[in-house]
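# Structural overview
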Amino acid sequence: MSSWRNLLLRIGDKSSEYSSSSDFKDHIETCFGALRRELGHSSAEILSFLLQCAEQLPHKIPLYGTLIGLLNLEDEDFVKKIVENTQNSFQDALDSGNCDGIRILMRFLTALMCSKVLQPTSLVVVFETLLSSAAITVDEEKGNPSWQARADFYVICILSCLPWGGAELAEQVPEEIERVLVGIQAYLSIRRHTSDSGLSFFEDDESGGDVEKDFLEDLWERIQVLSSNGWKVESVPRPHLSFEAQLVAGKSHEFGPISCPEQPELPSSISAVAYGKQKHDAELKYPQRMRRLNIFPASKTEDLQPIDRFVVEEYLLDVLLFFNGCRKECAAFMVGLPVPFRYEYLMAETIFSQLLLLPQPPFKPIYYTLVIMDLCKALPGAFPAVVAGAVRALFDKIADLDMECRTRLILWFSHHLSNFQFIWPWEEWAYVLDLPKWAPQRVFVQEVLEREVRLSYWDKIKQSIENAPALEELLPPKGGPNFKYSGADDQEKTEQEQALSSELSNKVKGRQTAREIILWIEETVYTIHGQEITLSVVIQTLLDIGSKSFTHLITVLERYGQVMAKLCADQDKQVMLISEVGSYWKNNAQMTAITIDRMMGYRLISNLAIVRWVFSPENIEQFHISDRPWEVLRNAVSKTYNRITDLRKEISSLKKSVVSAEEAASKAKADLEAAESKLTLVEGEPVLGENPTKLKHLKSVAGKTKEETVSMHDSLEAKEALFARALDENEVLFLSLYKNFSNVLMERLPDASRDGTLQSLKSVNGDSMAVDIEEPSTMEVDDENERPKKSQSNGGKTTNGYNVREKEQWCLSTLGYVKAFSRQYASEIWPHIEKLDAEVFTEDAHPLFRKAVYSGLRRLSNEL
């Protein structure tokens, strides 16, 4: 990489390119000198790379803005091109709904304004254009309020620019910026308050959702505080002030007009469902970037001004966004932000808020695992203790943590510990053994240990809890497969059944084909022993042969899947097949899940059979004490969802191919017609048509392109037919899933909760859930070692016992999963909502069940 590129990339960092200096003024002068020398013969490369750096290292935008301001003094035309390119990129981002592009380019424009490159009135025009679009969108008569998510996003973008340029705007165009702020206040008065219902980290936040400020209201309050403080922001560097005397001589450029896309038209039939569908689409396209987790006591971040917290969060989220493929670079930039204060606690809160963000994190959870791991190594004296404090704080509130967040936390924590030799002070949590088996804290510890065993081996994990040896009780069983016909228990199985199993095993070892084994079963086994014993012997034996490794399992399924398919042709038999898998691998939840998942992949079992098995009595009893049935159900629904997603992508690709093929066929046909109509001389006589050789070639090309077009159309029709069938299957799946949820909940939900609040369900035992508000927060952590003060808590429950009865905990857990499934697959559920409303979400359904579904789907409360 050339030196000027390195200087641009590393500006603001402590690096060898800048002799390890950390002075921004020196960095800008050094980089400016290098760019000025190269500008004459590398202007195009510099322009492209400079804009790329500004867009992908947005925490350095003030430095790049100042640099461009200095270049403006040298070459106005070059900087004019930068402004024009930025305008084109900004318009493209608006048209395509590229949220990150819009937000970052607006910050870049603000920095250009601060450096006298852009006229402040031009920036105000951009603000007013977005504000006008937002106001029209939420207008009941002129707009489409279901797209408020986009309107809110535009206003958030405007407010987000003010920490970077509010002072300059207030100084240079005070009346104009005041007009913008008054417009924002007017917008806030007509928009609908956004409830976090369904997306809150903690269940106990749901009840106060309409009272708490939403993200936009909170940001507006922070901006008002900033304005009253004279627009002073510690966390935003202002390097342009060091060059103010020079920059003022530069020419300020105008920013061309921009336009916001029209909001989608209101649906023809104004109904709550139609509104809900459009609202869901809008929130998918313009998602809220973050939700604050607030797991540490205020004392840990109280030195920060309200706006500084917002700015540091923006920095951290930008680094996570642009370095998602470079974990070490990500960690390095996260610890080196251009702020004059420490922010380890805020950094931990921000990362955990992204890891647990609902409905899904921006990136795969493994990315956050790696970043946290690298930060622990980069800041060994500070960050590990902060992470440990975050885990303890979340553990204290685990009973109120959303079920999806709980699952993610379990997966993250077990993986995190596996990278640090599984070291954790388990003795702190040994008290969970005194809690009932359904207490969320006890279940959390049990599930973390089970996941650790998957990542290592049983004896290693037992050794890791030697400081709390009693926790061995929560480890999964050490035993391997539970083969019915091993001969270890002659009392249970007859010698005849064991002989059949041995005979089948020998046939498999003798490489007999699936067809031969099917004939043997039909002629020798089935006629004598009947369906149940035949199925048990065959499935158990084949599973045992495939138990040595994942490869063995795949080999058995590929070679003898036909045998299983023949035995289990209908749904009832498939449920029996899954039960045999559960029985064989009863000591290994991971292999149960993998085997069922692979069988579904080979279409030996259907998703409906899996749903039926999950809701069988033996599994229902585990809903609140184990993740085992939920993992199988998640895999089944995800696989169905992925099939539909893949088909959508294939259809989209095929449609593009059809268009290309039609264009090619049209061109070939036109070329042929032109050639045929052309007059040529043959032996002095005019003849219609090109020479025969060329004509023959053109006919061949036209024929081939026409065939390709027909072939593409056929492929598209076939895929669309598959897609239509998949959608129908999806509808049946969700009908089955929700009917089962409704039935089991109706049987168990007590009448005391029919007023439709979770609090009433938690309060079935009277005041047993009450917490003394005078008590100090149990989430406060000791300053020295980050360990909790005094006794542990269980989300408001004392360590002496968890005061929610088993039946109520079962209901709370199951309702939590109802909401989690509804939220995760909302995009696939909304197209079938009318059918679900008519058949499942009726007035007869329990209010708490409907509330959990609606909360997950983010349906408005007035639809209940």
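Residues numbered from 1 in each chain as written. Predicted model: local features only at pLDDT ≥ 70, side-chain atom pairs only at ≥ 80, totals over all residues. Heavy atoms only, no water.

## Digging into the overall build of the chain
- Scanning the chain for helices and strands turns up 33 helices and two strands.
- Burial statistics for the chain: of 864 residues in total, 54% are counted as buried.
- Taking all contacts inside the chain whose residues are at least 6 apart in sequence as the whole, residues at least 24 apart take part in 76%.
- Carbon and sulfur atoms form 49% of the exposed surface of the chain, whose accessible area is close to 38,600 Å². (Helix = DSSP H or I, 4+ residues; strand = E, 2+ residues; numbered from the N terminus. Buried < 20%, exposed > 50% of the residue type's maximum accessible area, 1.4 Å probe, protein only. Contact = heavy atoms within 4.5 Å. Areas by Shrake-Rupley, 256 points an atom, 1.4 Å probe, with all protein chains shown as cover.)

## Concerning the packing of helix H22 (residues 550-567) against helix H24 (residues 589-601)
- Contact geometry for H22 and H24: axes closest at 11 Å, N-to-C directions at 45°. In terms of their interaxial angle, H22 and H24 are classed as oblique. As for how H22 packs across H24, the hand of that crossing is right-handed. Judged by residue contacts, Phe550, Leu553, Ile554, Leu557 and Met564 of H22 engage Met591, Ile594, Thr595, Arg598 and Met599 from H24. (Axes fitted to C-alpha atoms, helices over the stretch in contact; angles between N-to-C directions. Parallel < 35°, antiparallel > 145°, perpendicular 65-115°, else oblique. Left-handed = near helix turned anticlockwise from the far one by under 90°.)

## A short note on the packing of aromatic side chains
- Tallied over the entire structure, the rule returns 38 aromatic pairs.
- On the numbers, 6.0 Å between centres and 90° between planes, the contact of Trp4 with Phe49 is edge-to-face. Taken as a pair, Trp4 in helix H1 (residues 3-10) and Phe49 in helix H2 (residues 24-56) lie far apart in primary sequence, 45 residues in all.
- Classification of Phe49 by relative accessible area gives buried; the value is 14%.
- Ring plane angle 85° and centroid distance 5.0 Å describe the contact between Phe352 and Trp412, whose orientation is recorded as edge-to-face. With Phe352 in helix H14 (residues 344-355) and Trp412 in helix H17 (residues 403-418), this pair connects stretches of sequence that are 60 residues apart. In this structure, Phe352 and Trp412 share a single accessibility class: buried.
- A network of ring pairs unites the aromatic residues Phe615, Phe623, Trp630, Tyr641, Phe741, Trp810, Tyr817, Phe821 and Tyr825 as a single cluster.
- Lys397 extends its terminal NZ or CZ atom over the ring of Phe202, reaching a point 4.0 Å from the ring centre.
- The positively charged end of Arg748 is found above the aromatic ring belonging to Trp810, 4.7 Å away from the centroid. (Phe/Tyr/Trp six-rings, centres within 6.5 Å; stacked < 30°, edge-to-face > 60°. Lys NZ or Arg CZ within 6 Å of the ring centre and 35° of its normal.)

## A short note on unusual backbone geometry
- Residue Pro359 follows Leu358 across a cis peptide bond; omega there is 10°.
- Mapped onto the secondary structure, Pro359 falls in the loop between H14 and helix H15 (365-378).
- Here Trp231, not a glycine, exhibits a phi torsion of approximately 60°, which is positive.
- Its location among the elements puts Trp231 in the loop between helix H9 (215-228) and helix H10 (244-247).
- In this model, Arg511 sits at a positive phi of 65°, which is unusual for a non-glycine residue.
- Examined against the element boundaries, Arg511 turns out to sit in the loop between helix H20 (495-509) and helix H21 (514-545).

## Concerning the confidence of the model for the chain
- This prediction gives the chain a mean pLDDT of 88; 90% of its residues lie at or above 70.
- A low-confidence stretch, residues 766-800 (pLDDT under 50), is modelled with 64 contacts involving residues beyond four sequence positions or located in other chains. (pLDDT = per-residue confidence, 0-100.)

## Focus on the packing of helix H4 (residues 76-96) against helix H5 (residues 99-114)
- At a closest axis distance of 9 Å, the pairing of H4 and H5 adopts a crossing angle of 150°. Our classification of the angle between H4 and H5 gives roughly antiparallel. Crossing angle aside, the handedness with which H4 passes H5 is left-handed. Residues Ile82, Thr86, Ser89, Phe90, Ala93 and Leu94 of H4 lie in contact with H5, whose contacting residues are Gly101, Ile102, Leu105, Met106, Phe108 and Leu109.
- Counted by class, the contact of H4 with H5 contains nine nonpolar, three polar and no charged residues. (Nonpolar A, V, L, I, M, F, W, Y, C, P; charged D, E, K, R; others polar.)

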